[in-house]
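Chain and residue survey
Listed below, chain by chain, are the residues.
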There are 2 protein chains.
Amino acid sequence: MKILIIGAAGMLGAKLAARLCQDGHIGGGEITHLCLADIAAPAASPDAPFAVAAIATDFSLAGQAERLIDNRPDVIFHLAAIVSGEAETDLEKGYRINLDGTRSLFDAIRTAGDDYRPRVVFASSLAVFGAPFPDTIPDDFHLTPLTSYGTQKAMCELLLADYTRRGFLDGIGLRLPTIVVRPGRPNKAASGFFSGIIREPLNGEEAVLPVSDDVLHWMASPRAAVGYFAHAAGLPPEACAAARNITLPGLAVTVAEQIETLRKIGGTGRVNLIRREKDPLVEKIVSGWPRRFDPKTALGLGFQPDATFEAIVRAYIEDEQIQV
Amino acid sequence: MKILIIGAAGMLGAKLAARLCQDGHIGGGEITHLCLADIAAPAASPDAPFAVAAIATDFSLAGQAERLIDNRPDVIFHLAAIVSGEAETDLEKGYRINLDGTRSLFDAIRTAGDDYRPRVVFASSLAVFGAPFPDTIPDDFHLTPLTSYGTQKAMCELLLADYTRRGFLDGIGLRLPTIVVRPGRPNKAASGFFSGIIREPLNGEEAVLPVSDDVLHWMASPRAAVGYFAHAAGLPPEACAAARNITLPGLAVTVAEQIETLRKIGGTGRVNLIRREKDPLVEKIVSGWPRRFDPKTALGLGFQPDATFEAIVRAYIEDEQIQV
């Protein structure tokens, strides 16, 4: 079984590659080859039990998608994207990578010939949804994205569903929860503090909390997210017939619950590293985000969420080898 | 006020042009220039009280969209499309015209400079929706198109909403009901019989009815449809803020009601020209179509549906000068 990960240098892409190298299989199929692609060549895992190739490419450029599928991978994980903020500031780049790049990939598959019809697992986003929201959002909530990034993801979801219906590929789009706890340094994403108020105190650093403690948000650990990708890759085609673009399970967690979990695991000293400093802009952005979903379809398909927010934090400590 | 109609050689485009020539204004604005564009040059209305230009162009080709907006029309009606059947048989042509052509137009507007921000009235379709449906479909029903045509229209709706949000244009997408009674000769569209069972008998010809009398369908007259376009063009921008892509009002009419209306207007002799001949393929296609909507948003914005199915038939007789 040949696997391609596009966007393999990103946080989730790299963790997915590591997981596949560890597992050695997807569903019932043994992995024989893994190709890691990104705009800069990803680090190839040295201890994989199969051949691993790394390719640096911009898949939105002519001929590059064809090059990526040259060895006809059986499963393609497509995680490459210009993130939300940049897609908003650089409109043309966002549409070029997030829409045209994805379409180039799908069209390369469509025109490959030889009845080539890979499983394509596409990283979509909850940004396909836009406020106003009900308290709990059902699987069939309408698509009214309020960002260019969300628009591009929604357009790709539609394309994926149409190309799957036409028999060109076997696609599944995954709308991931916000990933918490993201490892690494703080970033400028408006959602960054959901990770920061856990990560920085656990690393002995101060974290800023720009919203009130009663803010509720939909989260999953990087470990759960990687599990979602692997699970989607192994689902039988007929299982996905009812819905090709799927809202994934997560946990609806308040900031207060996050802080109490930090206290339980790290002690009050760590909690005291959280500095409350309201940011009206962040508060406004966060107030427009969805808070809780009822992901019946995904649960029915066996996607496994994190058990508790404590499990999310413990997964972070374990996976990132944090000393607490 | 300068007006551009793209797709002006089609049935609705031509009727819209005639209506604008007759009205002389849109909303409160006087029309000073009308440009009619299509793949073949549309006939220019000779009796217009303003200058009318006709252009033959494929707006999906490089530079053509820029050419169309060269005189900076204040209102652009975009009705150009590859129809459902052809978009299904010729995938690349459907995406090129219906998606790329629309995007070329929107991008030409975006990059025109000079704070150019026209009202763009886009002909979308109920094909953005896919079965299964509730009995009555709400405005916020999710987008799960089951054809490439519907996929392309849904992608363009998303693009229109994003470009409007970003301030590049002032767009409104209109999801039209099935147009009944279509003038002219029978066509091969699966929905053609909804018009045929009225039109052919009124013209003394036999019509085939391929479905049972209890089939319910969502209809509007060409006159109402043209009225929708003109109304959308004149709406103040702030009125459309809540929803940029709008399901339009129509009448939910059964085939039996259609036939009784024909009897009332044309007599039993005309009804006897309807030959019942079930077509399982057409029955299957029609069973997957939406039947009834609750178009609250459009009604709130003042879009005026036909009063009754009898009014639809009488509009056909009047507009097409049929002798009954």
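Residues numbered from 1 in each chain as written. Chains lettered and ligands numbered in written order. Predicted model: local features only at pLDDT ≥ 70, side-chain atom pairs only at ≥ 80, totals over all residues.

**What to know about the overall build of chain A**
Across its full length, chain A holds 12 helices and 16 strands. Here the C-alpha radius of gyration of chain A, 19 Å, is about what a compact globule of 324 residues would show, namely 20 Å. Buried residues in chain A amount to 49% of all 324 residues. If you take every contact in chain A between residues at least 6 apart in sequence, the share linking residues at least 24 apart comes to 76%. (Helix = DSSP H or I, 4+ residues; strand = E, 2+ residues; numbered from the N terminus. Rg over C-alpha atoms; globule rule 2.2 N^0.38 Å. Buried ≥ 20, exposed ≤ 12 C-beta atoms within 10 Å, placed from the backbone. Contact = placed C-beta atoms within 7 Å.)

**A word on the domain arrangement of chain A**
Residue and element names in this part refer to chain A. Split into domains, chain A comes out as domain 1 (2-177 + 221-247) and domain 2 (192-218 + 250-319). Placing the centre of domain 1 and that of domain 2 at their C-alpha centroids yields a distance of 26 Å. With 24 residues of domain 1 in contact, the opposing surface of domain 2 contributes 21 residues. Listing elements by their share of the side of domain 1 that touches domain 2, those giving two or more residues are β8 (137-138), α7 (222-234) and β13 (245-247). In terms of residue count, α7 provides more of the side of domain 1 that touches domain 2 than any other element does, six residues in total. Of the residues that constitute the side of domain 1 that touches domain 2, the class distribution is 16 nonpolar, five polar and three charged. (Domains from an automatic or database assignment. Nonpolar A, V, L, I, M, F, W, Y, C, P; charged D, E, K, R; others polar.)

**A short note on the pairing of strand β14 (residues 251-254) of chain B**
All names here are of chain B. Alternating residues of β14 divide into Leu251 and Val253, all buried, and Ala252 and Thr254, none buried. Pairing of strand β12 (residues 216-220) with β14, which is carried by four bridges, proceeds in the antiparallel orientation. The residue bridging Leu216 from the neighbouring strand is Thr254, located in β14. (Pairing = 2+ DSSP bridges.)

**A closer look at the sheet that holds strand β7 (residues 119-125) of chain B**
Residue and element names in this part refer to chain B. Strands sit in the order β5-β4-β1-β6-β7-β9-β13 across an open sheet of seven strands; the sheet is parallel. In this open sheet, the two strands that pair with only one neighbour each are β5 (51-56) and β13 (245-247). Neighbour-to-neighbour, the strand axes of this sheet turn through a mean angle of 20 degrees, independent of strand direction. Here helix α7 (residues 222-234) sits on the sheet and contacts β6 (75-78), β7 and β9 (170-176); the angle it forms with β9, its principal contact strand, is near 165 degrees. (Axes fitted to C-alpha atoms, helices over the stretch in contact; angles between N-to-C directions.)

**Section: the relation of the copies chain B and chain A**
At an RMSD of 0.0 Å, chain B and chain A line up after a rotation of 180 degrees and a shift of 0.0 Å along the axis. Seen this way, the second copy is the image of the first under a two-fold rotation axis. If distances are taken from each C-alpha of chain B to the rotation axis, the shortest is found for His142 of chain B, at 2.0 Å. A shared binding surface is used by both copies, with 100% of the interface residues of chain B retained as interface residues in chain A. (Least-squares fit on C-alpha atoms with pLDDT ≥ 70 in both.)

**Some words on the sheet that holds strand β10 (residues 178-179) of chain A**
Within a sheet, adjacent strands bond to each other through the backbone by hydrogen bonds, running parallel or antiparallel. Read across the open sheet, the three strands follow the order β10-β12-β14 (chain A); overall the sheet is mixed. If you trace the sheet from one side to the other, it starts and ends with β10 and β14 (251-254) of chain A, each paired once.

**Let's talk about the interface of chain B and chain A**
Facing 14 residues of chain B, the contacting portion of chain A comprises 14 residues. A total of seven residues in the side of chain B that touches chain A trace back to one element, the largest contributor, which is helix α5 (residues 148-165) of chain B. Looking at the side of chain B that touches chain A, its residues break down into eight nonpolar, three polar and three charged.

**Some points on the environment of Asp107 of chain A**
Residues and elements named next belong to chain A. Mapping Asp107 onto the fold places it in helix α4 (residues 91-110). On the basis of neighbour counts, which here come to 19 C-beta atoms within 10 Å, the residue Asp107 falls in the partly exposed class. Distance from Asp107 to Leu68, taken between C-alpha atoms, is 12 Å for residues 39 residues apart in sequence.

**Focus: the confidence of the model for chain A**
Across chain A, pLDDT averages 95, with 100% of residues at or above 70. Model confidence for the complex is summarised by a pTM of 0.96, with the ipTM given as 0.95. (pLDDT = per-residue confidence, 0-100.)

**Quick word on the environment of Arg96 of chain B**
Residues and elements named next belong to chain B. Position of Arg96 relative to the elements: it lies in helix α4 (residues 91-110). On the neighbour-count criterion, Arg96 (17 C-beta atoms within 10 Å) is partly exposed. The contact partners of Arg96, leaving out residues within four places of it in the chain, are Ser60 and Gly101.

**Remarks on the environment of Gly63 of chain B**
All names here are of chain B. Along the polypeptide, Gly63 turns up in the loop between β5 and α2 (64-68). Judged by C-beta crowding, with 11 C-beta atoms within 10 Å, Gly63 ranks as exposed. Sequence spacing of Gly63 and Ala224 is 161 residues, and the spatial spacing of their C-alpha atoms is 34 Å.

**Let's talk about helix α6 (residues 192-202) of chain A**
Burial of α6 of chain A is extensive: 11 of the 11 residues sit out of reach of the surface. For α6 of chain A, the complete set of buried residues consists of Gly192, Phe193, Phe194, Ser195, Gly196, Ile197, Ile198, Arg199, Glu200, Pro201 and Leu202 of chain A.

**Re the nonpolar core**
The biggest cluster of nonpolar side chains holds 196 residues, and the ones touching the most others in it are Ile5 and Leu174 of chain A together with Ile5, Ile6 and Leu174 of chain B. The contacts of Leu174 of chain A, once residues within four sequence positions are left out, are Val121, Phe122, Ala123, Ser124, Tyr228, Phe229, Ala232, Ile246 and Leu248 of chain A. (Core = buried A, V, L, I, M, F, W, Y, C linked by C-beta atoms within 7 Å.)

**Topic: unusual backbone geometry**
Residue and element names in this part refer to chain A. With omega at 5 degrees, the peptide bond leading from Ala131 into Pro132 counts as cis. Note that Pro132 resides in the loop between β7 (119-125) and β8. We note that Asp115 has phi near 55 degrees; this positive angle belongs to a residue other than glycine. Tracing the sequence through the fold places Asp115 in the loop between α4 and β7. Under the C-beta neighbour-count criterion, Asp115 is labelled exposed, with 6 such atoms within 10 Å.

**Details of the pairing of β6 of chain B**
Residue and element names in this part refer to chain B. In β6, alternate side chains face the same way, and those of Val75 and Phe77 on one face and Ile76 and His78 on the other are all buried. Sheet analysis places strand β1 (residues 2-6) next to β6, joined by four bridges and oriented parallel. Across the sheet, Ile3 pairs through a bridge with Val75, a residue of β6. Here four bridges tie β6 to β7, and the two strands are oriented parallel to one another. The partner of Val75 across the bridge, within β7, is Arg119.

**Focus on the packing of α6 of chain A against helix α8 (residues 255-266) of chain A**
Residues and elements named next belong to chain A. The N-to-C vectors of α6 and α8 enclose an angle of 20 degrees; their axes lie 10 Å apart at closest approach. By the angle between their axes, α6 is roughly parallel relative to α8. Viewed along their axes, α6 and α8 form a crossing whose handedness is right-handed. On α8, the residues touching Ile197, Ile198, Pro201 and Leu202 of α6 are Gln258, Ile259, Leu262 and Gly266. Here the residues of the contact of α6 with α8 are counted per class, giving six nonpolar, two polar and no charged. (Parallel < 35°, antiparallel > 145°, perpendicular 65-115°, else oblique. Left-handed = near helix turned anticlockwise from the far one by under 90°.)

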